[in-house]
Amino acid sequence: MLALGKLLELTLAGREPAEKTQTTVEGVRLRWLSEGALEVRPPEARDNGNDVLLSSGIHGNETAPIELLDRLLHGIARGDLKPRARILFLFGNPEAMRRGERYLEQDVNRLFNGRHEQSSGPEALRAAELEQLARSFFSLPDRSRLHYDLHTAIRGSKIEQFALYPWKEGRQHSRRELARLRAAGMEAVLLQNKTSITFTAFTYEQLGAEAFTLELGKARPFGQNQGVNVSRLETRLKQIIEGNEPETEALDGLQLFSVSREVIKHSDEFILHLPADVENFSELKKGYLLAEDIAKSRWVIEEEGARIIFPNPKVRNGLRAGILIVPTTDKGLA
């Protein structure tokens, strides 16, 4: 196997490779770009015009997605997986990965779309670098652009595997992409309806990629991910990489949700009236007092079928402490 296929090993050791570029016997080129960043380019004659960005480790303790990308890269470096697409593999927060922590000082996935310019520290610098790596990768004209940012969640979930689909004014969500996600094992998709500061929001809004944050189960340490089943996603990613993906537009029971409200923490007085172990997609009854903050601000459930995802009262002031979502339909998909 080519040494550059061991990107995860290099990243966890904090080492640069001696050779920055290597080529397989079939002419697939692997090029190390920066810490945790590797570009894979197929021979020109096999290139099908697809550019695929696969990122994980934006949160350093979410190891199942990191291990998945490591397996894919090993397959390419051994010659078992034969790419027809250009691929950029990114491990988002190397130092947090080495420490086994979510982040060092700031959540990297809240520092995109200009937020890093308002901050400082290692995570802000890394977010800026990730934006530049993505911008450079997606700079070639007349090619399709796809970005999957792979995560696992802090808490359990009543719907274990789901995706978040960013939003941009004047751009419709794609039925074909939703069908692809369903084939990859996603049980639900949250169709967002406002701009955001996540990595996929940046690539979707600024770079024109079809971009998705994928939540694949609960976060566990390296080597302890037997309970996180990513087999369907892994199969679909191999098909995307090799250019032999079956076409489908069937959503097959995929649950769709839209954002009703974001719960923003404004002060240290913020109280979230939920158990510490509440699961994502837990239903909330109308009239339920969800949260309170300064100036007598209150979040009371008004929506039918409301559910909560990503509840976290420990976020920094000014950031969201949860998202209220409601079921929606496939009306309006492109």
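For the structure, check the block above.
Residues numbered from 1 in each chain as written. Predicted model: local features only at pLDDT ≥ 70, side-chain atom pairs only at ≥ 80, totals over all residues. Heavy atoms only, no water.

1. As for the overall build of the chain
A tally of regular secondary structure across the chain gives 7 helices and 16 strands. For a compact globule of 334 residues, the expected C-alpha radius of gyration is about 20 Å, and the chain comes in at 20 Å, within 12% of that figure. Classification of the 334 residues of the chain by burial places 54% in the buried group. Intrachain contacts of the chain at a sequence separation of at least 6 include 73% that bridge at least 24 residues. Surface exposure of the chain reaches about 14,600 Å², of which carbon and sulfur atoms provide 45%. Mean positive and mean negative side-chain charge positions of the chain (46 and 48 charges, respectively) differ by 1 Å. (Helix = DSSP H or I, 4+ residues; strand = E, 2+ residues; numbered from the N terminus. Rg over C-alpha atoms; globule rule 2.2 N^0.38 Å. Buried < 20%, exposed > 50% of the residue type's maximum accessible area, 1.4 Å probe, protein only. Contact = heavy atoms within 4.5 Å. Areas by Shrake-Rupley, 256 points an atom, 1.4 Å probe, with all protein chains shown as cover. Lys, Arg positive; Asp, Glu negative; His and termini not counted. Charge placed at Lys NZ, Arg CZ, Asp CG, Glu CD.)

2. With respect to the packing of helix H4 (residues 122–137) against helix H6 (residues 199–207)
Two packed helices can be described by the angle between their axes and the distance between those axes. Where H4 meets H6, the axes come as close as 11 Å, and the angle between the chain directions of the two elements is 40°. If you check the angle between H4 and H6, you find them oblique. Seen from above, H4 lies across H6 with right-handed handedness. Facing H4, whose interface residues are Leu130, Glu131, Ala134 and Arg135, H6 presents Phe199, Phe202, Thr203 and Leu207. Here the contact of H4 with H6 is composed, by residue class, of 5 nonpolar, 1 polar and 2 charged. (Axes fitted to C-alpha atoms, helices over the stretch in contact; angles between N-to-C directions. Parallel < 35°, antiparallel > 145°, perpendicular 65-115°, else oblique. Left-handed = near helix turned anticlockwise from the far one by under 90°. Nonpolar A, V, L, I, M, F, W, Y, C, P; charged D, E, K, R; others polar.)

3. What to know about empty space enclosed by the protein
Counted by the stated rule, this structure contains 2 cavities of 30 Å³ or more. Roughly 40 Å³ of volume is contained in the largest cavity. If you add up the space inside the second largest cavity, you get close to 30 Å³. As for the second largest cavity, its lining consists of Thr24, Glu26, Val28, Ile76, Gly79, Leu81, Lys82 and Pro83. For the lining of the second largest cavity, a count of residues per class yields 4 nonpolar, 2 polar and 2 charged. (1 Å grid on protein atoms, 1.4 Å probe; cavity = no way out; pocket = protein on both sides within 12 Å on 5 of 7 lines; lining within 4 Å. Points joined across faces, edges and corners; volume = space filled by probe spheres on them.)

4. Some details on the pattern of salt bridges
Taken as a whole and assessed by the stated rule, the structure comprises 29 salt bridges. Between Arg143 and Asp51 there is a salt bridge whose closest N-O contact spans 2.7 Å. Of the two residues, Arg143 sits in the loop between H4 and strand S6 (144–153) while Asp51 sits in strand S4 (residues 50–56), which places them 92 residues apart along the sequence. In this structure Arg143 comes out as buried when scored by relative accessible area, which is 19%. The network of salt bridges with common partners includes Arg29, Arg31, Glu39, Arg41, Asp47, Asp51, Arg86 and Arg143. (Salt bridge = Lys/Arg side-chain N within 4 Å of Asp/Glu carboxyl O.)

5. Here we look at the sheet that holds strand S14 (residues 298–300)
Judged by pairing direction, the sheet is antiparallel, and its 3 strands sit side by side in the order S11-S13-S14 without closing on themselves. A strand with exactly one partner marks an edge of an open sheet, and here the two such strands are strand S11 (271–272) and S14. Where S11 lies against strand S13 (residues 289–292), 2 bridges are found, and the strand directions are antiparallel. What sits directly across from Leu272, in S13, is Ala291. (Pairing = 2+ DSSP bridges.)

6. A few points about the nonpolar core
Grouped together as the largest cluster of nonpolar side chains are 52 residues, with contacts concentrated most on Leu30, Leu54, Phe89, Tyr148, Leu178 and Leu214. Per element, the largest residue contribution to this core is 8 residues, and it comes from helix H2 (residues 63–78). The contacts of Phe89, once residues within four sequence positions are left out, are Leu7, Gly36, Ala37, Leu38, Val40, Leu54, Leu69, Leu72, Leu73 and Ile76. (Core = buried A, V, L, I, M, F, W, Y, C linked by side-chain atoms within 4.5 Å.)

7. Notes on the packing of aromatic side chains
By the definition in use, this model includes 9 aromatic pairs. On the numbers, 5.9 Å between centres and 80° between planes, the contact of Tyr165 with Tyr204 is edge-to-face. Of this pair, Tyr165 sits in strand S7 (residues 162–165) while Tyr204 sits in helix H6, and the two are 39 residues apart along the sequence. Tyr204 shares its class with Tyr165; the two are buried. The aromatic ring of Tyr204 is capped on one face by Arg171, whose charged end is 3.7 Å from the ring centroid. (Phe/Tyr/Trp six-rings, centres within 6.5 Å; stacked < 30°, edge-to-face > 60°. Lys NZ or Arg CZ within 6 Å of the ring centre and 35° of its normal.)

8. Section: H2
Between the first and last C-alpha of H2 there are 22 Å, a value that for 16 residues agrees with the 22 Å anticipated at 1.5 Å per step. Within H2, 13 of the 16 residues are buried, which leaves the element mostly enclosed by the surrounding structure. In the stretch just after H2, Gly79 is the one whose phi turns positive, near 90°. (Expected span 1.5 Å × (residues − 1).)

9. Some points on the layout of surface pockets
Here the largest pocket defines a volume of roughly 900 Å³. Taken together, 41 residues make up the lining of the largest pocket; nearest its centre are Arg102, Asp107, Arg110, Asn312 and Val315. Listed by contribution, the elements that provide at least two residues to the lining of the largest pocket are S6, strand S9 (210–218) and strand S16 (320–327). Here the lining of the largest pocket takes 3 residues from S6, the largest share from any one element.

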